[in-house]
Amino acid sequence: MNRLNAILLLVLVLCAMSVVSSQHMARKLYSELEKEQKQTKMHGVEYGQLLLEQSTWGAQALIEKVAAERLSMHAPEPREVQVVLGKGNP
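These lines cover the structure that appears in this document, whether it is placed above or below. These figures come from a predicted structure and were not determined experimentally.

**Regarding the overall build of the protein chain**
A count of helical and extended segments in the protein chain gives 1 helix and 0 strands. A globule of 90 residues ought to have a C-alpha radius of gyration of about 12 Å, yet the protein chain, at 35 Å, is considerably larger. The principal-axis extents of the C-alpha atoms in the protein chain amount to approximately 105 × 40 × 20 Å. The proportion of buried residues among the 90 residues of the protein chain is 1%. Carbon together with sulfur atoms contributes 64% to the accessible area of the protein chain, which is approximately 9,000 Å² in total. Where the 10 positive side-chain charges of the protein chain centre and where its 9 negative ones centre are 13 Å apart.

Here is the structure:
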């Protein structure tokens, strides 16, 4: 009977160690999942910002195109630019 008790105790200890190990692994994986979800949210915010920037650049290009085609406007050459200083500026 003692031998059976010793075997059962060993099996019980092994099962307990297995439970502890699996719980530790589950917590570790859950922590990694939370980190990845946080990073996913950050990427979503960055993607939204990039879309906004893209639309801004697209609008700027459209304005330049319309100004050049319909109004015959162009960006001035550096030699055509004059700096006007206001009062109080040397």
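The structure having been displayed, the exposition proceeds.
**Considerations on helix H1 (residues 2–70)**
With 69 residues, H1 should reach 102 Å at 1.5 Å per residue; the first-to-last C-alpha distance of 100 Å fits that figure. Two residues or fewer after H1 comes Ser 72, characterised by a positive phi angle close to 55°.

**A short note on a nonpolar patch on the surface**
Taken together, the side chains of Leu 9, Leu 12, Val 13 and Met 17 define a hydrophobic patch exposed on the protein surface, amounting to about 410 Å² of accessible area. Considering the arrangement of structural elements, one finds Met 17 in helix H1.

**Regarding unusual backbone geometry**
Positioned with a positive phi, Ser 72 is a non-glycine residue whose angle comes to about 55°. Secondary-structure assignment places Ser 72 in the segment after H1.

Rules used in this analysis
- Residues numbered from 1 in each chain as written.
- Predicted model: local features only at pLDDT ≥ 70, side-chain atom pairs only at ≥ 80, totals over all residues.
- Heavy atoms only, no water.
- Helix = DSSP H or I, 4+ residues; strand = E, 2+ residues; numbered from the N terminus.
- Rg over C-alpha atoms; globule rule 2.2 N^0.38 Å.
- Buried < 20%, exposed > 50% of the residue type's maximum accessible area, 1.4 Å probe, protein only.
- Areas by Shrake-Rupley, 256 points an atom, 1.4 Å probe, with all protein chains shown as cover.
- Lys, Arg positive; Asp, Glu negative; His and termini not counted.
- Charge placed at Lys NZ, Arg CZ, Asp CG, Glu CD.
- Expected span 1.5 Å × (residues − 1).
- Patch = residues over 30% accessible without salt bridge, like charges linked within 9 Å, V, L, I, M, F, W, Y side chains within 5 Å.
- Salt bridge = Lys/Arg side-chain N within 4 Å of Asp/Glu carboxyl O.

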